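Coordinates in review
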Amino acid sequence: MTDEQERPLALPTYEKLADEYAKRAPTKPFNADLERPTTLGLLPDIESFDVLDAGCGPGITAEHLLERGASVTGIDVSPKMLAHARERAPAGRFLRADFGEPLPFESNHFDLVYSSLAFDYVGDWDSLFSELGRVLRPHGILVFSCGHPVADTLYFDPDDYFETEMVSDEWTSFGDPVEVSTYRRPLAAILNPLLNARFRLDRIAESQPTENFREKSPETFERVSREPTFLSIRAVMTAD
């Protein structure tokens, strides 16, 4: 395996995107007015919770979590993203970590793990959810978002829907065009790793645009009002 293959999938992408992403994602419709409110809407009252923001990016969700009274630890693979996170959410604690490796936390450490569109860069969800389950306390909560399997199938038109496969797309809405690689997977490959890791599925939300989205991008609003884009999930860790 080459050094390029060993690197975390998201690392080169977000090192390139970090500065423009930090500027644009707080208000960009697909982030601010579609995925983020849907996923944040799955949170319980998190005041005094110890929260892990997994794939924290430039600290946008960490800021939201802190405002809700949580103690927040953010992890990301991109040093540039972490620099933005520390600037945006100075009350949080931010560490560099790779989802493909054991997390640098003791077991039963967090009340909640939150992740916004970060898990799509990880191929092995069985290992990922097993490790997240390890760092969560009994009855701890996992809230995360990912690409909707219907949307990904329509967009990427795979030869075999049932395969988990790496796909690529060119992003042009964060400055210069950037080729972005993620994993597309069927619904069973989203839910079964959760269940295998002893999570209990608690709630599912399919992203719906806000009125702010309509104001910013009325033509796109009509499409995302009728078609799925992102899938948000809340699951609870079962006790031993």
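Owing to the predicted nature of the structure, the values given are computational and were not obtained by experimental measurement. (Residues numbered from 1 in each chain as written. Predicted model: local features only at pLDDT ≥ 70, side-chain atom pairs only at ≥ 80, totals over all residues. Heavy atoms only, no water.)

Concerning the overall build of the protein chain
What counts here: Runs of H or I in DSSP of at least four residues are treated as helices and runs of E of at least two as strands, each being numbered from the N terminus. Radius of gyration means the value over C-alpha atoms here, while the globule rule gives 2.2 Å times the residue count to the 0.38 power. Each residue gets one of three labels from its accessible area relative to the maximum for its type: buried under 20%, exposed over 50%, partly exposed in between, using a 1.4 Å probe on protein chains only. Two residues form a contact once any of their heavy atoms are found within 4.5 Å.
When helices and strands are counted, the protein chain shows 10 helices and nine strands. By the compact-globule yardstick of 18 Å for 240 residues, the protein chain fits well, its C-alpha radius of gyration being 17 Å. Based on the C-alpha atoms only, the size of the protein chain along its principal axes is roughly 45 × 40 × 40 Å. Counting all 240 residues of the protein chain, 50% fall into the buried class. In the protein chain, the share of contacts with a sequence separation of at least 24, taken over all contacts with a separation of at least 6, comes to 70%.

Some thoughts on the confidence of the model for the protein chain
The test is simple: The pLDDT value tells you how sure the predictor is about a given residue, anywhere from 0 up to 100.
Chain-level statistics for the protein chain give a pLDDT mean of 94 and a share of 97% at 70 or above. Within the model, pLDDT remains below 50 along residues 1-5, and this stretch shows one contact once partners closer than five positions in the same chain are excluded.

Looking at the pattern of salt bridges
So the rule is basically this: Any Lys or Arg side-chain nitrogen located within 4 Å of an Asp or Glu carboxyl oxygen qualifies as a salt bridge.
This structure, assessed with the given rule, holds 12 salt bridges. Among the salt bridges present, the one from R137 reaches D50, with a minimum N-O distance of 3.3 Å. Residue R137 is found in strand β5 (residues 136-147), and its partner D50 is found in strand β1 (residues 50-54); the two are separated by 87 residues along the sequence. Judged by relative accessible area, R137 falls into the partly exposed class, the value being 27%. Among the salt bridges present, the one from R137 reaches D111, with a minimum N-O distance of 2.9 Å. Highlighted residues: R137 in strand β5 and D111 in strand β4 (residues 110-115), separated in sequence by 26 residues.

Quick look at the environment of R200
Here is the rule: Whenever two N or O atoms come within 3.5 Å, that pair is a polar contact, provided that in protein one can donate a hydrogen and the other can accept it, and provided that, for residues adjacent in sequence, both atoms are side-chain atoms.
For R200, the position within the fold is in strand β8 (residues 199-206). In this structure the C-alpha to C-alpha distance between R200 and P37, which are 163 residues apart in sequence, comes to 23 Å. Side chain to side chain, R200 and D202 meet in a polar contact 3.2 Å long.

Brief notes about the pairing of strand β9 (residues 230-237)
Basically, it comes down to this: Strands pair, by our definition, only if DSSP identifies at least two bridges between them.
Counting buried residues along β9, eight of its eight residues qualify, which places the element largely inside the surrounding structure. Side chains of β9 alternate between two faces, with F230, S232, R234 and V236 and L231, I233, A235 and M237 buried alike. Across seven bridges, β8 lies against β9 in antiparallel orientation. Its bridge partner being in β9, A205 is matched across the sheet by S232.

Some details on the state of the cysteines
Inclusion rule: Disulfides are defined as cysteine sulfur pairs within 2.5 Å.
This model, assessed by the stated rule, comprises zero disulfides. Free of any disulfide, C56 has its nearest neighbouring cysteine sulfur in C146, separated by 19 Å. You can call C146 buried: its relative accessible area is 1%.

Some thoughts on a nonpolar patch on the surface
Our working rule: Like-charged residues are merged into a patch within 9 Å and nonpolar side chains (Val, Leu, Ile, Met, Phe, Trp, Tyr) within 5 Å, provided each residue has over 30% relative accessible area and no salt bridge. Only the protein chains shown count as covering a residue, and every accessible area follows the Shrake-Rupley method with a 1.4 Å probe.
There is a patch of nonpolar side chains on the surface, built from L195, L201 and I204 and spanning about 250 Å² of accessible area. Mapping I204 onto the fold places it in strand β8.

Details of helix α7 (residues 149-156)
Quick reminder of the rule: Directions from the helix axis toward the C-beta atoms define the arc.
Among the residues of α7, those classed as buried are P149, A151 and D152. Considered in projection along α7, the buried side chains sweep an arc of 160° and stay on one side of the axis. Backbone geometry just after α7 places D157 at a positive phi near 50°.

Focus on a negative patch on the surface
This is how it is decided: This count recognises Lys and Arg as positive and Asp and Glu as negative, with His and chain-terminal groups excluded. By convention, the point assigned to a charge is CZ for Arg, NZ for Lys, CD for Glu and CG for Asp.
Negative charge collects at one region of the surface, where D157, D159, D160 and E163 lie side by side. Counting through the fold element by element, D157 comes out in the loop between α7 and β6 (165-171).

Focus: the sheet that holds strand β3 (residues 93-96)
Cut-off, in case you're wondering: Lines are fitted to the C-alpha atoms to define the axes, a helix being fitted only along its stretch in contact, and any angle between axes, read from their N-to-C directions, falls within 0 to 180 degrees.
The mixed open sheet is built from seven strands, whose spatial order is β3-β2-β1-β4-β5-β9-β8. Two strands close off the open sheet at either side, each with one partner strand: β3 and β8. For this sheet, the mean angle separating the axes of adjacent strands, direction not counted, is 15°. In the packing of helix α4 (residues 60-67) onto the sheet, the strands contacted are β1, β2 (71-76), β3 and β4, and the crossing angle to β1 comes to about 165°.

Some thoughts on helix α5 (residues 79-88)
Residues spaced three or four apart along an α-helix point in a common direction, a consequence of the helix completing one turn every 3.6 residues. For α5, every residue scored as buried is listed here: M81, L82 and A85. For α5, the angular spread of the buried residues around the axis is 100°, confining them to a single face.

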